[in-house]
Amino acid sequence: MFLTLTPVICCDIVFIQDKTCEVKENGGRTMKMRLDKRKIYLAMAEKGLTATEIAKQGGVSQQAISNALNGNGMGRVKVVPAICKALDLSAKDIVIIED
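The structure contained in this document is the topic of the report that follows. Keep in mind that this is a model prediction, so the values were computed, not measured.

**Quick look at the overall build of the chain**
Then step 1. Looking only at helices and strands, one finds 5 helices and 4 strands in the chain.
Then step 2. Considering only contacts within the chain whose residues lie at least 6 apart along the sequence, 52% involve residues at least 24 apart.
Then step 3. Summed over all atoms, the accessible surface of the chain reaches about 6300 Å², with 53% contributed by carbon and sulfur.

This is how it looks when you write it as C-alpha cells:
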C-alpha cells in the first residue's frame with residue numbers, strides 16, 4: 001500500500017509545543033494536533049508490531065516513533081505516514097485536531 005500525506009497549504013507555521021503540534025492558519029486561528037495513541041497501540045497489538053518495526057517499514061528512526069508514541073511531539077513530517085503505512089491506517093484514523 002502506498003500512502004501519501006498532503007501537506008496543509010493554508011497554514012504558515014507548524015511547531016512542536018508540549019506534546020502537541022500547533023498549526024497556525026493564515027487567518028490567525030491556531031489548532032492543536034496530537035496522535036490518538038490508544039488507536040495506534042491497539043493496531044500495533046493486532047499486527048504484532050513494535051515501534052522499531054514501524055520505524056524500519058516507514059524509513060524513520062525508532063526514536064522518532066517512540067517520541068510520537070510517548071507524547072513528546074510528532075516531530076518530523078514523515079512520522080505519521082510511517083505509522084499509517086506500517087499499521088494500514090489513514091492519518092484521519094490517528095491524528096486528532098483540536099481547535
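**Concerning the packing of helix 3 (residues 62–69) against helix 4 (residues 79–87)**
Then step 1. In contact at an axis separation of 10 Å, helix 3 and helix 4 are set at 90° when each is read in the N-to-C sense. Judged by the inter-axis angle, helix 3 sits roughly perpendicular to helix 4. Contacts between helix 3 and helix 4 involve Ala64, Ile65 and Ala68 on the former and, on the latter, Val79, Ala82 and Ile83.
Then step 2. Class assignment for the residues of the contact of helix 3 with helix 4 results in 6 nonpolar, no polar and no charged.

**Observations concerning unusual backbone geometry**
Then step 1. With phi around 55°, Asp88 is a residue other than glycine that occupies positive phi space.
Then step 2. Relative to the helices and strands, Asp88 resides in the loop between helix 4 and helix 5 (91–94).
Then step 3. Given the relative accessible area of 46%, Asp88 is considered partly exposed.

**Notes on the nonpolar core**
Then step 1. Leu35, Ile40, Ile54, Ile65, Ile83, Leu87 and Ile94 are the most contacted members of the largest nonpolar core, which has 23 residues in total.
Then step 2. Among the secondary structure elements, those contributing two or more residues to this core are helix 1 (37–47), helix 2 (51–58), helix 3, helix 4 and helix 5.
Then step 3. Of the residues forming this core, the biggest block, 7 residues, is contributed by helix 4.

**With respect to helix 2**
The periodicity of an α-helix, 3.6 residues per turn, causes residues three or four places apart in sequence to face the same way.
Then step 1. Those residues of helix 2 not exposed but buried are Ala51, Ile54 and Ala55. Axial view of helix 2: buried residues confined to an arc of 100°, hence all on one face.
Then step 2. In this fold, the buried residues of helix 2 make contact with helix 1, helix 3 and helix 4.
Then step 3. At the C-terminal side of helix 2, Gly59 shows a positive phi close to 70°.

The rules we used
- Residues numbered from 1 in each chain as written.
- Predicted model: local features only at pLDDT ≥ 70, side-chain atom pairs only at ≥ 80, totals over all residues.
- Heavy atoms only, no water.
- Helix = DSSP H or I, 4+ residues; strand = E, 2+ residues; numbered from the N terminus.
- Contact = heavy atoms within 4.5 Å.
- Areas by Shrake-Rupley, 256 points an atom, 1.4 Å probe, with all protein chains shown as cover.
- Axes fitted to C-alpha atoms, helices over the stretch in contact; angles between N-to-C directions.
- Parallel < 35°, antiparallel > 145°, perpendicular 65-115°, else oblique.
- Nonpolar A, V, L, I, M, F, W, Y, C, P; charged D, E, K, R; others polar.
- Buried < 20%, exposed > 50% of the residue type's maximum accessible area, 1.4 Å probe, protein only.
- Core = buried A, V, L, I, M, F, W, Y, C linked by side-chain atoms within 4.5 Å.
- Arc of directions from axis to C-beta.

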